[in-house]
Amino acid sequence: MARLPAIDVVVPVAFGSAIVEYGDRGRRVYVYGATADADRAWSWNVSTGQNLPVMDWERGSAVTVLGAKLKRELFGESNPLGAVVRIGQARYRVIGVMESKGQFLGFDLDDTALVPVANAMQLFNLSELSEIDVMVGTTDAIDPFVRRATALLRERHEDTEDFTIVTQKDAQETIDRILGIVSGVVTGIAGISLLVGAIGILTIMWIVVNERVSEIGLVKALGARPGQIVTWYLFEAAVVALAGGITGLTVGIGGASLLSALIPGLSTFTPPGMVMAALLMAVGVGLGAGVAPALRAARLDPVERCAGSDDRVEFFASPAESPPDPRSRAWSSGPARSGAKRSWTFSSIKPSRSSSARPPRFGRCSRGCPAVGPRRTKAARPGAPTS
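Residues numbered from 1 in each chain as written. Predicted model: local features only at pLDDT ≥ 70, side-chain atom pairs only at ≥ 80, totals over all residues. Heavy atoms only, no water.

(A) Representation of the overall build of the chain. When helices and strands are counted, the chain shows nine helices and 14 strands. Looking at the chain as a whole, 33% of its 387 residues qualify as buried. In the chain, once contacts between residues fewer than 6 apart in sequence are set aside, the share between residues at least 24 apart is 71%. Of the accessible surface of the chain, which amounts to about 23,600 Å², a share of 57% is contributed by carbon and sulfur atoms. (Helix = DSSP H or I, 4+ residues; strand = E, 2+ residues; numbered from the N terminus. Buried < 20%, exposed > 50% of the residue type's maximum accessible area, 1.4 Å probe, protein only. Contact = heavy atoms within 4.5 Å. Areas by Shrake-Rupley, 256 points an atom, 1.4 Å probe, with all protein chains shown as cover.)

(B) Quick peek at the pairing of strand S1 (residues 7-22). Sheet topology places S1 next to strand S10 (residues 131-136); six bridges connect them, and they run antiparallel. Residue pairing in the sheet places Val10 in a bridge with Val134 of S10. Summarising the sheet, S1 and strand S2 (residues 25-34) pair through nine bridges and their orientation is antiparallel. In the sheet register, Ile19 faces S2, and the bridge partner there is Arg28. Count of turn residues in the S1/S2 antiparallel hairpin: two residues, of which Gly23 carries a positive phi of about 65°. (Pairing = 2+ DSSP bridges.)

(C) Expanded view of the packing of helix H5 (residues 168-211) against helix H7 (residues 226-262). In the contact formed by H5 and H7, the axes pass within 11 Å of each other and the chain directions differ by 140°. Relative to H7, H5 is oriented oblique. Two packed elements cross with a definite hand, and for H5 against H7 that hand is right-handed. Residues Ile201, Met205, Val208 and Val209 of H5 form the contact with H7, whose participating residues are Tyr233, Glu236, Ala237, Val240 and Ala241. When its residues are assigned to classes, the contact of H5 with H7 shows eight nonpolar, no polar and one charged. (Axes fitted to C-alpha atoms, helices over the stretch in contact; angles between N-to-C directions. Parallel < 35°, antiparallel > 145°, perpendicular 65-115°, else oblique. Left-handed = near helix turned anticlockwise from the far one by under 90°. Nonpolar A, V, L, I, M, F, W, Y, C, P; charged D, E, K, R; others polar.)

(D) Representation of the pattern of salt bridges within the structure. The tally for this structure, following the rule as stated, stands at four salt bridges. Lys169 is the salt-bridge partner of Asp143, the closest N and O atoms lying 4.0 Å from each other. Here the residue Asp143 occupies a position in helix H4 (residues 142-156), and Lys169 occupies one in helix H5, the gap between them amounting to 26 residues. (Salt bridge = Lys/Arg side-chain N within 4 Å of Asp/Glu carboxyl O.)

(E) Geometry of the side chain of Thr35. Assignment of secondary structure puts Thr35 in the loop between S2 and helix H1 (38-42). If we ignore the near neighbours within four places in the chain, the residues touching Thr35 are Val10, Val11, Pro12, Leu52, Trp57 and Val117.

(F) Focus on a nonpolar patch on the surface. Together, Leu258, Leu259, Leu262 and Ile263 make up a nonpolar patch on the protein surface, roughly 390 Å² of accessible area in all. Tracing the backbone shows Ile263 in the loop between H7 and helix H8 (272-299). (Patch = residues over 30% accessible without salt bridge, like charges linked within 9 Å, V, L, I, M, F, W, Y side chains within 5 Å.)

(G) Broad picture of the packing of helix H6 (residues 213-221) against H7. In the contact formed by H6 and H7, the axes pass within 11 Å of each other and the chain directions differ by 140°. It follows that H6 is oblique to H7 by the angle criterion. As H6 packs across H7, the resulting crossing turns out to be right-handed. Along the contact surface, H6 presents Glu215, Ile216, Val219 and Lys220, while H7 presents Ile229, Trp232 and Tyr233. Residues of the contact of H6 with H7, tallied by class, amount to five nonpolar, no polar and two charged.

(H) Spotlight on the packing of aromatic side chains. In the structure shown here, the tally under the stated rule is seven aromatic pairs. Residues Phe15 and Tyr32 carry aromatic rings whose centres are separated by 5.8 Å and whose planes lie at 40° to one another, so their mutual orientation is tilted. Pair noted here: Phe15 is in strand S1 and Tyr32 is in strand S2, with a separation of 17 residues, a long-range link. Tyr32 sits in the buried class, given a relative accessible area of 15%. (Phe/Tyr/Trp six-rings, centres within 6.5 Å; stacked < 30°, edge-to-face > 60°.)

(I) Structural detail: H7. Taking 1.5 Å per residue as the helical rise, H7 with its 37 residues ought to reach 54 Å, and the 54 Å between its terminal C-alpha atoms agrees with that figure. Every buried residue of H7 is accounted for by Ile229, Val230, Tyr233, Glu236, Ala237, Ala238, Ala241, Gly245 and Leu249. In this structure, the buried residues of H7 make contact with H5, H6 and H8. (Expected span 1.5 Å × (residues − 1).)

(J) Molecular detail of the nonpolar core. By size, the foremost hydrophobic cluster in this structure holds 20 residues, and its most contacted members are Val20, Val31, Leu70, Phe75, Val85 and Ile87. Looking at this core, the elements that each hand over two or more residues are S1, S2, helix H2 (68-75), strand S5 (84-87), strand S6 (90-98), strand S9 (112-116) and helix H3 (117-123). Residues in contact with Phe75, not counting those within four places in the same chain, are Tyr22, Arg25, Leu66, Pro80, Ala83, Val85 and Val94. In this structure, Ile201, Val285, Ala297 and Ala298 belong to the second largest nonpolar core, which totals 18 residues. (Core = buried A, V, L, I, M, F, W, Y, C linked by side-chain atoms within 4.5 Å.)

Worth remembering: the numbers are spatial, not functional.
Here's what the structure looks like:
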């Protein structure tokens, strides 16, 4: 295969799992069998010592190159060059230590050992190679090489295609498909979470509007416009959503930091732009969910709302004014107060009928103090005197 055109490097590979021991320390790691060209094909450079010696791949040599983590676990800070370690049932002399490579697809590349491919096949009792890694000169030469390699292998395998050729392009497309599926699932979960959050904010604001009927009536009596009431409740909905967004970001960033601390080699980063986008999305969801409660609050008639409750709303007027018409509303007159006032009480408990008269006005009392609207008192019992 090395004679095919456009080929730069060919690395026969055999690998398996074995225990590497030195003294009273031992560790089960992946042991890779390769050739001296592995440093070019895989970019596995050594930090100390030398790489595997150049030799025919079918020949063996009892030498090994340790990964950075494996060296640290077996030798600590001491120099491992020249030391003899046991891999499986064979003894190998350490000739080098690889540079730190980190993790790739869940595999810790620093917790490995590299031996000649012939020794690996003997160590794991393999009759054939696990794979053959090939590096071509340019990306344009990949497809022609695949066609030539397929024809060559079919010829050597008696016209049987019992092998698989995977190019870097194929691997990238597979990873892209996996990431696309994961992104779709995460997007669906995020959409459901936003919907649940919007329903929660809508429910909370709806309850708040029901609990604040008297406050809405008060601000309307003071001259508040419907637009101001809508703005008030939209602001509250946005604040609730923003608080939820900040809480979610805190939990997410804290959880990522915790995973990064617990899992070696796992690095996490949250872009500031994503944080701002998440907060803006939370505020947008809150505003959207708060529109219906805000409009309902702006359209409420607080007097009609109180007519179906057990509350009493007491108004005061000057003694010269007559009591209201009890036939149009549930009004009952109370005894005259000392000084200059007389009161009438609005209640859901209908009083006995009396003479008709006009209802009290929102305005000023007999002493010139501004009336601020209804004042809530305890519910009246049937037949009980009012004041």
